[in-house]
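Observations on chain architecture
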Amino acid sequence: MFRLKRRFAEDGLEGTLKDRVQAHRYRKLDHLEEAHLIALACSPAPEGHDHWTLRLLADRMVELGVVESLAPETVRLRLKKTRSSRGRRRSGASPK
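The present account deals with the structure reproduced in this document. (Residues numbered from 1 in each chain as written. Predicted model: local features only at pLDDT ≥ 70, side-chain atom pairs only at ≥ 80, totals over all residues. Heavy atoms only, no water.)

**Here we look at the overall build of the chain**
The cut-off we apply is this: Each helix is a run of DSSP H or I of at least 4 residues and each strand a run of E of at least 2, with the numbering of both proceeding from the N terminus. A 1.4 Å probe rolled over the protein chains alone gives each residue an accessible area, and that area as a share of the maximum for its type sets the label: buried under 20%, exposed over 50%, partly exposed in between. Every residue pair with non-hydrogen atoms within 4.5 Å of one another is taken to be in contact. Method for areas: the Shrake-Rupley scheme with a 1.4 Å probe, in which residue coverage is limited to the protein chains shown.
Secondary structure summary: the chain contains 4 helices and 0 strands in total. Sequence-ordered secondary structure for the chain, helices as α and strands as β, is α-α-α-α. Going through the 96 residues of the chain one by one, you find that 19% of them count as buried. Within the chain, counting contacts between residues at least 6 apart in sequence, those at least 24 apart form 33% of the total. Summed over its atoms, the accessible surface of the chain is roughly 8,300 Å², and 53% of this surface lies on carbon and sulfur atoms.

Printed below as a string of structure tokens:
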């Protein structure tokens, strides 16, 4: 709450409502690369594996040349943001 009040005092209403660009942050995957990751995660698991792991997905993305390097934690965060859940009977964000 303190940050919001300070931002309002510094930037006014318009500055408070508009998101600031975080210059020190960047996305490791753009939208096309993220779509490729989701398609890969939905494909059958590789030979000898029961299911995809985060490490397998990250390594496969590098093997395919989609990205130069990718951490399993980045894969986890990107897949967490999707609305599909392969572990449930119904896909979607709501557990109902």
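From this point on, the discussion continues.
**Points about the nonpolar core**
Across soluble globular proteins, nonpolar side chains have a tendency to be buried as a group. Stated formally: What makes a nonpolar core is a set of buried Ala, Val, Leu, Ile, Met, Phe, Trp, Tyr and Cys residues whose side-chain atoms join them at distances within 4.5 Å.
Listed in full, the 11 residues of the largest apolar core are Leu29, Leu37, Leu40, Ala41, Trp52, Leu57, Ala58, Met61, Val67, Leu70 and Val75. When contributions to this core are tallied by element, the ones reaching two or more residues are α2 (31-42) and α3 (54-63). Setting aside anything within four residues of it in sequence, one finds Leu70 in contact with Lys28, Leu29, Ala58, Met61, Val62 and Val75.

**Some thoughts on the pattern of salt bridges**
Using the following cut-off: Each salt bridge in this description consists of a side-chain nitrogen of Lys or Arg and a carboxyl oxygen of Asp or Glu lying within 4 Å of one another.
Overall, the coordinates contain 4 salt bridges when judged by the stated rule. A salt bridge links Glu34 to Arg78, with the shortest nitrogen-to-oxygen separation between them at 3.4 Å. Of this pair, Glu34 sits in helix α2 while Arg78 sits in helix α4 (residues 72-80), and the two are 44 residues apart along the sequence. The exposure classification of Glu34 matches that of Arg78, with both residues buried. Between Arg60 and Glu63 there is a salt bridge, with the nearest N and O atoms lying 3.3 Å from each other. A residue pair is termed a helical-turn pair when its members lie 3 or 4 positions apart in one helix, as Arg60 and Glu63 do in helix α3 at 3 residues. Here Glu63 falls in the exposed class, since its relative accessible area comes to 59%.

**With respect to the side chain of Arg78**
Judged by its relative accessible area of 18%, Arg78 falls in the buried class. Residue contacts for Arg78: discarding those within four places in its chain leaves Arg27, Leu29, Glu34 and Leu37.

**Some details on the packing of α2 against α3**
This is how the line gets drawn: All axes here are fitted lines through C-alpha atoms, helices being fitted over the stretch that makes contact, and every angle between N-to-C directions spans 0 to 180 degrees. With respect to orientation, any angle under 35 degrees is reported as roughly parallel, any angle over 145 as roughly antiparallel, any angle of 65 to 115 as roughly perpendicular, and every other angle as oblique. Handedness of a crossing is defined here by the sense of rotation of the near helix relative to the far one, left-handed for an anticlockwise turn of less than a right angle and right-handed for a clockwise turn. Three classes are used: nonpolar for Ala, Val, Leu, Ile, Met, Phe, Trp, Tyr, Cys and Pro, charged for Asp, Glu, Lys and Arg, and polar for all others, with Gly counted as polar.
Closest axis-to-axis distance for the α2/α3 pair is 11 Å, and the angle between their directions is 125 degrees. Judged by the angle between their axes, α2 and α3 are oblique. Relative to α3, α2 is oriented so that their crossing is right-handed. Between α2, through Glu33, His36, Leu37, Leu40 and Ala41, and α3, the contact on the second element is made entirely by Leu57, Arg60 and Met61. Tallied by class, the residues present in the contact of α2 with α3 amount to 5 nonpolar, 1 polar and 2 charged.

**Details of a nonpolar patch on the surface**
Condition: Within this analysis, patches are made of residues with over 30% relative accessible area and no salt bridge. Like charges are joined at 9 Å or less; nonpolar side chains (Val, Leu, Ile, Met, Phe, Trp, Tyr) at 5 Å or less.
Taken together, Phe8, Leu13 and Leu17 make up a surface patch of nonpolar side chains, about 340 Å² in accessible area. Assignment of secondary structure puts Leu17 in helix α1 (residues 2-17). Residue Leu17 is classed as exposed on the basis of its relative accessible area of 64%.

That is the geometry; function is a separate question.
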